[in-house]
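Structure at a glance
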Amino acid sequence: PSTRWGLCRAVPQCQAAPLPTREHGRPAGGGQRALTRPVLRPGPARPVPALCSGGEAPSSPCPPRPLLGLRPASACVARILAQEAGVTDIVVLQAALLHDTVEDTDTTFSEIEERFGEEVRRVVEEVTDDKTLPKAERKRLQIEHAPGCSRRAKLVKLADKLHNLRDISRCTPAGWSAQRVQEYFRWAAQVVGGLRGTSPPLEAALQQLFEERGVLL
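Since the model is a prediction, treat every value here as computed from it, not as a measurement.

Cut-offs used in this document
Every chain is numbered independently, its residues counted from 1 as its sequence is written. Where local features are concerned, this predicted model is filtered to residues with pLDDT of at least 70; where side-chain atom pairs are given and counted, the filter is 80 or more; whole-chain, interface and lining totals use all residues. By convention in this description, side-chain values take in all heavy atoms of the structure and omit both hydrogens and water. Within 6.5 Å between ring centres, the rings of Phe, Tyr and Trp (the latter by its six-membered ring) count as paired, and their orientation is classed by plane angle as stacked under 30 degrees, edge-to-face over 60, tilted in between. Numbering of helices and strands starts at the N terminus; helices are DSSP runs of H or I of at least 4 residues and strands are runs of E of at least 2. Any residue under 20% of the maximum accessible area for its type is buried, any over 50% is exposed, and the rest in between are partly exposed; the area is computed with a 1.4 Å probe on protein chains only. For a ring to carry a charge above it, either NZ of a lysine or CZ of an arginine must fall within 6 Å of the ring centroid while also lying within 35 degrees of the normal to the ring plane. Given a helix with a known number of residues, its expected span is that number minus one, times 1.5 Å. Along the arc lie the directions from the helix axis toward the C-beta atoms. It only takes one pair of heavy atoms within 4.5 Å for two residues to be counted as in contact. We count a salt bridge whenever a side-chain nitrogen from Lys or Arg sits within 4 Å of a carboxyl oxygen from Asp or Glu. Lines fitted to C-alpha atoms define the axes, with helix axes restricted to the stretch in contact, and inter-axis angles between N-to-C directions lie between 0 and 180 degrees. Should an angle fall under 35 degrees it is taken as roughly parallel, and over 145 as roughly antiparallel, whereas 65 to 115 is taken as roughly perpendicular and any remaining angle as oblique. Note on convention: the crossing is left-handed when the near helix lies turned anticlockwise from the far helix by less than a right angle, right-handed when the turn is clockwise. Polar here means any residue outside two lists: the nonpolar Ala, Val, Leu, Ile, Met, Phe, Trp, Tyr, Cys and Pro, and the charged Asp, Glu, Lys and Arg; Gly therefore counts as polar. By convention a nonpolar core is built from buried Ala, Val, Leu, Ile, Met, Phe, Trp, Tyr and Cys residues, the set being connected through side-chain atoms within 4.5 Å.

**Points about the packing of aromatic side chains**
Here the structure, examined in full by the defined rule, presents three aromatic pairs. Aromatic side chains Phe 185 and Phe 210 sit 6.4 Å apart centroid to centroid with 90° between the ring planes, which places their arrangement in the edge-to-face category. Here Phe 185 is found in helix α8 (residues 178-193), whereas its partner Phe 210 is found in helix α9 (residues 200-212), with 25 residues between them in sequence. Taking relative accessible area as the criterion, Phe 185 reaches 0% and is therefore assigned buried. Take Phe 210: its relative accessible area is 0%, and that puts it in the buried class. A connected cluster of aromatic rings, assembled from ring pairs, spans Trp 176, Tyr 184 and Trp 187. Arg 213 extends its terminal NZ or CZ atom over the ring of Phe 185, reaching a point 4.7 Å from the ring centre.

Now the structure itself:
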């Protein structure tokens with residue numbers, strides 16, 4: 001899932017043309033239209049920790065915002081898939097938009113299947129962590145399960161990791177030490193190692209980020 005932080009500045013790649021969408025698992029008639037509002041009910045509002053700028057303590061923190069059924073970070077993950085990886089599979093793009101909805105709102109897998117179909121629900125389920133488990137166990141399971149994921153789920157995971165790592169590189173989370181950032185990159189590299197052979201463009205972009213941090217993939 002995407003990092004739970006706001007961005008300190010806009011992400012240009014997330015401001016491109018609308019992504020295709022469909023209703024009840026079928027393409028909307030007549031082609032593409034924008035997904036302009038959350039299509040699932042919002043979860044309870046939760047504050048989002050601020051990010052600082054350039055790794056320093058923020059003088060004006062990023063404002064908290066509520067978490068909705070669809071979040072800006074999820075849209076960025078879908079943009080990466082569509083624009084950088086050339087993904088046109090509507091199931092993958094919709095799953096990317098919804099990939100952290102169950103974790104971060106009160107939306108259920110059943111509701112996702114009802115609105116978007118079984119295929120989308122399956123991918124979302126594959127990339128959703130069990131929040132009842134301790135964080136360390138969730139991270140361990142991501143590494144363990146990565147090689148066995150479907151190709152669709154691997155694409156979403158690769159784009160999600162790429163977005164998260166770019167996010168951290170651009171604007172270090174408040175309170176994170178350099179050591180914690182480096183540990184996150186090492187863990188992400190272990191997850192990505194189990195996803196290799198899925199998308200050369202995404203894997204090359206991730207490889208570059210890891211090399212910049214001196215992390216072996």
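**So, α9**
Since there are 3.6 residues in each turn of an α-helix, residues three or four apart along the chain are aligned in direction. For α9, built from 13 residues, the straight-helix expectation of 18 Å at 1.5 Å per residue is met to within 8% by its first-to-last C-alpha distance of 18 Å. Those residues of α9 not exposed but buried are Leu 202, Glu 203, Ala 205, Leu 206, Leu 209 and Phe 210. The buried side chains of α9 occupy one side of the element, clustering within an arc of 160° when seen end-on. Away from its buried face, by an angle of more than 90 degrees, α9 presents the exposed residues Pro 200, Glu 211 and Glu 212.

**A look at the environment of Pro 201**
Considering the arrangement of structural elements, one finds Pro 201 in helix α9. Pro 201 has contacts with Glu 84 and Ala 85, leaving out every residue within four places of it along the chain.

**Describing the pattern of salt bridges**
Taken as a whole, this structure holds eight salt bridges when the rule is applied. Note that Arg 152 and Asp 89 form a salt bridge whose closest N and O atoms lie 2.8 Å from each other. Of the two residues, Arg 152 sits in helix α7 (residues 151-170) while Asp 89 sits in the loop between α1 (72-84) and α2 (90-98), which places them 63 residues apart along the sequence. In this structure Arg 152 comes out as partly exposed when scored by relative accessible area, which is 27%. Note on Asp 89: relative accessible area 25%, which makes it partly exposed. The shortest N-O distance in the salt bridge between Glu 118 and Arg 122 comes to 2.5 Å.

**Some words on α8**
Between the first and last C-alpha of α8 there are 23 Å, a value that for 16 residues agrees with the 22 Å anticipated at 1.5 Å per step. When we look at burial in α8, the residues that qualify are Val 181, Gln 182, Tyr 184, Phe 185, Trp 187, Ala 188, Ala 189, Val 191 and Val 192. If you follow the buried residues of α8, they end up packed against α6 (135-145), α7 and α9.

**Things to note about the packing of α8 against α9**
Running from N to C, α8 and α9 point in directions that differ by 150°, and their axes come no closer than 11 Å. With respect to their mutual orientation, α8 and α9 come out roughly antiparallel. Both α8 and α9 take part in a crossing whose hand is left-handed. Across the interface between the two elements, Phe 185, Ala 188, Ala 189 and Val 192 from α8 touch Leu 206, Leu 209 and Phe 210 from α9. Considered class by class, the residues forming the contact of α8 with α9 number seven nonpolar, no polar and no charged.

**Quick notes on the nonpolar core**
Proteins that are soluble and globular tend to have nonpolar side chains buried together. One finds Leu 81, Val 156, Leu 165, Phe 185 and Phe 210 to be the most contacted residues of the largest nonpolar core, which totals 46 residues. If you list the elements that add at least two residues to this core, you get α1, α2, α4 (109-116), α5 (118-127), α7, α8 and α9. The contacts of Leu 165, once residues within four sequence positions are left out, are Tyr 184, Phe 185, Ala 188, Leu 206, Leu 209 and Phe 210.

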